[in-house]
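Understanding the architecture of this molecule
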Amino acid sequence: VDSFKGSLSSQEVADAVEQGVLSVLPDCKVQKLSIADGGEGTVEAMVANLAGEWVEIEVFDPLMRPIKARYGIVDNGRTAVMEMSAASGLPLLAESERNPMNTTTFGTGQMMADAIVRGCRKILMGIGGSATNDAGVGMLEALGYRFFDANGELLSGRGEILQRVARIDADRVMPQLAECEIVVACDVKNPLYGESGAAYVFAPQKGADAAMVERLDLGLRNFAEAVKRYNGVDIASLAGAGAAGGLGGGFVGMLNARLERGVDMVLGAIRFDEIIKDCDLVITGEGRLDAQTLMGKAPSGVLRFAQMYDIPVIAIGGAVVECDSLRQSGFADIVAVESGEIPLQEAMRPDIATRNLERTATMIAEKINRDRV
């Protein structure tokens, strides 16, 4: 299950559902998994499921100030799981500091470099919540790439330089990078630039005014051309290139990364298909089930994997907004958490939410028990 945001973590939700099921079916074998859709809680879920370890290092924040950031290492030290927001996220800045002309993904590159030095050769990266619009030039700089303008002047990676990048140099790039596989959790389809690109759609919420948006968009166009000159890769119209201020494009264009739906990245990493293949029933859920659930949210990924083995899936939601797409999606049942006639804020209190989830799971188990007789 995914977390019920603002109320319970995914582990707490799973514990409550387990209690409810076992109260009716004490011999039932329950396997609990924390999952996420590539956003908040993704690294925690993967580290927990894969018995990984946490690494904390000092990196630079979006304005090049030292901060502590952490990421996970799993798969016997071979794979790093991280979120760019740990080093380059919008919450790291005060509102008055937000300016995507000045912010950089350098700290994200530092996390990657640290993982590579420790022996990781696969990196799973979540890119939600960025404070940046630098197309990843800061990240690439931290990995050894250098960017020069038309006069041969060395540029320092941040949004402002994108318009000036004329040449890319890889002489100082970490040699181990060539051995690395990089998978990026990306659920947005925005191209790098244009009306639906990174600058016009996302930069205003990162502090950009209209003039900055225009400059950043021109910069992203110029960067795409520079990448194409450098290695022949065309990221101009790549779906998802505009994610995280063009970071999706930087990853694909310069590091041969693969963009995947967040939930698919998570479920693939924990080998979800192997875990569930012998199950009789899968119960999944999130705080709110609605039409958006089917657009890359965790329950939709669980359903897709389970359908490969014809395993029925019951979805539980703190709230359920009925719609045709949800009814026709293939879930065996869609159940709203039984909370009675109480205000939402009270229903979201952890103790009450836990009790209501247990009660809901008990009702599901009782129905299963009746159907077996």
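Before reading further, recall that the structure is shown in the block above.
Residues numbered from 1 in each chain as written. Predicted model: local features only at pLDDT ≥ 70, side-chain atom pairs only at ≥ 80, totals over all residues. Heavy atoms only, no water.

Time to look at the overall build of the protein. The secondary structure content of the protein amounts to 14 helices and twelve strands. Over its C-alpha trace the protein gives a radius of gyration of 22 Å, about what one expects of a compact globule, namely 21 Å for 373 residues. Out of the 373 residues in the protein, the part that is buried amounts to 53%. The contacts of the protein with a sequence gap of at least 6 include a subset with a gap of at least 24, amounting to 70%. Carbon and sulfur atoms make up 47% of the accessible area of the protein, which totals about 16,700 Å². One way to put it: in the protein the 36 positive side-chain charges average out to a point 3 Å from where the 52 negative ones average out. (Helix = DSSP H or I, 4+ residues; strand = E, 2+ residues; numbered from the N terminus. Rg over C-alpha atoms; globule rule 2.2 N^0.38 Å. Buried < 20%, exposed > 50% of the residue type's maximum accessible area, 1.4 Å probe, protein only. Contact = heavy atoms within 4.5 Å. Areas by Shrake-Rupley, 256 points an atom, 1.4 Å probe, with all protein chains shown as cover. Lys, Arg positive; Asp, Glu negative; His and termini not counted. Charge placed at Lys NZ, Arg CZ, Asp CG, Glu CD.)

Before going further, it helps to examine the state of the cysteines. A covalent bond between the sulfur atoms of two cysteines is referred to as a disulfide. For the structure shown, the criterion picks out zero disulfides. Cysteine Cys120 remains unbridged, with the sulfur of Cys180 as its closest cysteine sulfur at 8.5 Å. Classification of Cys120 by relative accessible area gives buried; the value is 0%. (Disulfide = S-S within 2.5 Å.)

Moving on, we come to the nonpolar core. Counting 62 residues, the largest nonpolar core has Met112, Phe223, Phe251 and Leu255 as its most contacted members. Ranked by residue count, the leading element in this core is helix H7 (residues 210-231), at eight residues. Non-local contacts of Phe251, meaning those with residues more than four positions away in its chain, are made with Met112, Met125, Ile127, Met139, Ile182, Val184, Asn256 and Ala257. Listed in part, the 31 residues of the second largest apolar core include Met46, Val263, Leu289 and Cys323. (Core = buried A, V, L, I, M, F, W, Y, C linked by side-chain atoms within 4.5 Å.)

So, about the pairing of strand S11 (residues 313-320). Moving residue by residue along a regular strand, the side chains alternate between the two faces of the sheet. As paired strands, strand S10 (residues 282-289) and S11 are joined by seven bridges and run parallel to one another. Considered in S11, the bridge of Gly285 is made with Ile316. Handedness of the crossover is the feature at issue here: the chain leaves S10, passes through helix H11 (residues 298-307), returns alongside S11, and the resulting connection is right-handed. (Pairing = 2+ DSSP bridges. Right-handed = clockwise from strand over helix to strand, strands pointing away.)

For the structure on display, the rule yields 24 salt bridges. As a salt-bridge pair, Glu179 and Arg121 come within 2.8 Å of each other at their nearest N and O atoms. In this pair, Glu179 sits in the loop between strand S7 (167-169) and strand S8 (181-185) while Arg121 sits in the loop between helix H4 (106-117) and strand S4 (122-126), placing the two residues 58 residues apart along the sequence. Residue Asp234 pairs with Lys228 through a salt bridge whose shortest N-O separation is 3.7 Å. Overall, Asp234 belongs to the partly exposed group, its relative accessible area being 45%. (Salt bridge = Lys/Arg side-chain N within 4 Å of Asp/Glu carboxyl O.)

Turning our eyes to something else, we now look at the sheet that holds strand S1 (residues 53-60). Strand order in this open sheet of six strands is S1-S2-S3-S4-S8-S9, and the pairing throughout is mixed. The open sheet has two edge strands, S1 and strand S9 (258-260), and neither has a second partner. On average, each strand axis in the sheet is inclined to that of its neighbour by 25°, with strand direction left out of account. Helix H2 (residues 42-49) contacts S1, strand S2 (66-74), strand S3 (79-83) and S4 of the sheet and is inclined by roughly 155° relative to S3. (Axes fitted to C-alpha atoms, helices over the stretch in contact; angles between N-to-C directions.)

Moving on, we come to the side chain of Ser329. Of note, Ser329 is situated in the loop between helix H12 (324-327) and strand S12 (333-336). For Ser329, a relative accessible area of 17% puts it in the buried group. A polar side-chain atom of Ser329 sits 2.6 Å from the main-chain carbonyl oxygen of Leu326. Setting aside its immediate chain neighbours within four residues, Ser329 contacts Leu294, Leu303 and Gln307. (Polar contact = N/O pair within 3.5 Å; in protein donor to acceptor, adjacent residues only side chain to side chain.)

Below, the discussion takes up the environment of Ser300. Relative to the elements of secondary structure, Ser300 occurs in helix H11. Sequence separation of Ser300 and Gly285 is 15 residues, and the distance between their C-alpha atoms is 9.5 Å. If we skip the residues at most four places from it in the chain, Ser300 touches Thr293 and Leu294. A polar atom in the side chain of Ser300 sits 3.3 Å from the backbone oxygen of Thr293.

Moving on, we get to unusual backbone geometry. With a phi angle near 55°, Ala244 is a residue other than glycine that sits in the positive phi range. On the secondary structure map, Ala244 appears in helix H8 (residues 243-255). What makes Ala244 buried here is its relative accessible area of 10%. Positive phi, close to 55°, is recorded for Asp310, a residue that is not glycine. Mapped onto the fold, Asp310 is located in the loop between H11 and S11. Residue Asp310 is classed as exposed on the basis of its relative accessible area of 71%.

With six of its eight residues buried, helix H9 (residues 262-269) lies for the most part within the structure. What H9 keeps buried is the set Gly262, Val263, Met265, Val266, Leu267 and Ala269. Along its buried surface, H9 packs onto H2, S4, S8, S9, helix H10 (272-276) and H11. Immediately beyond the C-terminal end of H9, within one or two residues, lies Arg271, with a positive phi of roughly 55°.

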